[in-house]
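The primary structure of each chain is shown beneath.
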Amino acid sequence: MISRRLWRGIDKLTFVGHRHAALVSVGLCLMIISGVRNSALAQSPVDGIDARADTSALAKQLGNPDPLLRQRSAEALARLAAVDQKKIVEGYQLQEKNKEVRLALDWALYRMGKSEALFRVVHELGSSRQEQAIGYLAELESPDLLYPFLKKENNPAKVNAGLLKALARIGDSQTLELIKPYRESLQPSVAEAAEIASDEIEKRLGQETTTTRSRPRTVEKPEPR
């Protein structure tokens, strides 16, 4: 007969063995998940863009059959202002047939220093791609860059409305003065866009003022007598 102490020893060894096997299995699962994640990132370099992103890998995606991936790659290159890929982007822009992708490429070229590409982005405000163009223009470093376009005579109403929508996101106190006349426009879409822009800018400026005023004051403690 096997003693009770021996049985306990066998049970303990069995438990340890099962525990070790379980830990090994968990480790293998984590390695597999990590590998899949890294593989996905390598296949889709548009995700999680930062300053260390491989711009050449992004540029290669501009030749991908998937138009959405081409658009996202162009937008990533725009965010990075990847001047080193400018010539490649120019080549793809000339041959691109998809209008959404071509607009993204124009935005990328502007961000890379090709100032005339901004005209093409503004022009798209008059198309079915207005929201896409507004999204890009709302990333401009200053609303001043849009003023010359808004002041142009004979702009289509849709273009002016699009400019006002972009200014609603990035406008300042100077913008408020500039868009006042457009609130009285005879073109309903322009007047409405100007009203909304004024409200949005005033709201944003008001929040900035409130934040400044609400900073806690430092109260000096009275000196002990």
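Check the entry above for the structure.
Residues numbered from 1 in each chain as written. Predicted model: local features only at pLDDT ≥ 70, side-chain atom pairs only at ≥ 80, totals over all residues. Heavy atoms only, no water.

A. Fine view of the overall build of the protein. Of regular secondary structure, the protein possesses 11 helices and zero strands. For the protein, the α and β elements follow one another from N to C terminus as α-α-α-α-α-α-α-α-α-α-α. Counting the 225 residues in the protein, one finds 35% classified as buried. When contacts within the protein are restricted to residue pairs at least 6 apart in sequence, long-range pairs at least 24 apart make up 61% of them. A total of about 15,100 Å² of accessible surface is found on the protein, and carbon and sulfur atoms cover 56% of it. (Helix = DSSP H or I, 4+ residues; strand = E, 2+ residues; numbered from the N terminus. Buried < 20%, exposed > 50% of the residue type's maximum accessible area, 1.4 Å probe, protein only. Contact = heavy atoms within 4.5 Å. Areas by Shrake-Rupley, 256 points an atom, 1.4 Å probe, with all protein chains shown as cover.)

B. Representation of the nonpolar core in the model. Judged by nonpolar contacts, the single largest core of 48 residues is most densely connected at Val122, Leu137 and Leu146. For this core, the elements supplying multiple residues, two or more each, are helix H3 (67-80), helix H5 (99-111), helix H6 (117-123), helix H7 (130-137), helix H8 (147-150), helix H9 (157-170), helix H10 (173-179) and helix H11 (188-213). Once you skip the residues sitting within four places of it in the chain, Val122 turns out to touch Leu137, Leu146, Phe149, Val159 and Leu163. (Core = buried A, V, L, I, M, F, W, Y, C linked by side-chain atoms within 4.5 Å.)

C. Quick peek at the packing of aromatic side chains. The final tally for this structure, using the stated rule, is three aromatic pairs. When the ring of Trp107 is compared with that of Tyr136, the centres are 5.7 Å apart and the planes differ by 5°; the resulting orientation is stacked. Of this pair, Trp107 sits in helix H5 while Tyr136 sits in helix H7, and the two are 29 residues apart along the sequence. Relative accessible area serves as the criterion here: at 2%, Trp107 is assigned to the buried category. Each member of the aromatic cluster is reached from another via a ring pair, and the members are Trp107, Tyr110 and Tyr136. (Phe/Tyr/Trp six-rings, centres within 6.5 Å; stacked < 30°, edge-to-face > 60°.)

D. Summary view of the pattern of salt bridges. A full pass over the atoms with the stated rule returns seven salt bridges. Close ionic contact of Arg70 with Glu96 constitutes a salt bridge, the shortest N to O distance being 3.0 Å. Placement of Arg70 in helix H3 and of Glu96 in the loop between helix H4 (86-95) and H5 is noted, with a sequence separation of 26 residues between them. Taking the shortest distance from any N to any O, the salt bridge between Lys114 and Glu90 comes out at 3.5 Å. Here Lys114, found in the loop between H5 and H6, pairs with Glu90, found in helix H4; they are 24 residues apart in sequence, far enough to count as distant. (Salt bridge = Lys/Arg side-chain N within 4 Å of Asp/Glu carboxyl O.)

E. Region of the structure containing H5. For H5, spanning 13 residues, the distance from its first C-alpha to its last is 18 Å, which sits close to the expected 18 Å at 1.5 Å a residue. Those residues of H5 not exposed but buried are Val101, Leu103, Ala104, Leu105, Asp106, Trp107, Ala108, Leu109 and Tyr110. On its buried face, H5 sits against H3, H4, H6 and H7. The N-cap of H5, judged by a side-chain oxygen 3.0 Å from the amide nitrogen of Glu100 a few residues on, is Asn98. Downstream of H5 by one or two residues, Gly113 has phi in the positive range, about 110°. (Expected span 1.5 Å × (residues − 1). Polar contact = N/O pair within 3.5 Å; in protein donor to acceptor, adjacent residues only side chain to side chain.)

F. Broad picture of unusual backbone geometry. The backbone phi angle of Ala81 is positive, close to 50°, even though this residue is not glycine. Looking at the element boundaries, Ala81 is found in the loop between H3 and H4. For Asn154, which is not a glycine, the phi torsion comes out positive at approximately 65°. Mapped onto the secondary structure, Asn154 falls in the loop between H8 and H9. Of the residues examined, Asn154 reaches a relative accessible area of 77% and is grouped as exposed.

G. Structural view of the side chain of Glu75. Relative to the helices and strands, Glu75 is located in helix H3. On the basis of relative accessible area, Glu75 is assigned to the buried category, the value being 13%. Apart from the residues lying within four places of it in its own chain, the contact partners of Glu75 are Ala104, Gln132 and Tyr136.

H. Structural detail: the packing of H3 against H5. Direction vectors running N to C along H3 and H5 enclose 15°, while the axes themselves pass 8 Å from each other. Judged by the inter-axis angle, H3 sits roughly parallel to H5. Here H3 and H5 pass one another in a crossing that is left-handed. Residue-level inspection shows Pro67, Arg70, Gln71, Ala74, Glu75, Ala78 and Arg79 of H3 in contact with H5, the latter providing Glu100, Val101, Ala104, Leu105, Trp107, Ala108 and Arg111. The residue inventory of the contact of H3 with H5, partitioned by class, reads eight nonpolar, one polar and five charged. (Axes fitted to C-alpha atoms, helices over the stretch in contact; angles between N-to-C directions. Parallel < 35°, antiparallel > 145°, perpendicular 65-115°, else oblique. Left-handed = near helix turned anticlockwise from the far one by under 90°. Nonpolar A, V, L, I, M, F, W, Y, C, P; charged D, E, K, R; others polar.)

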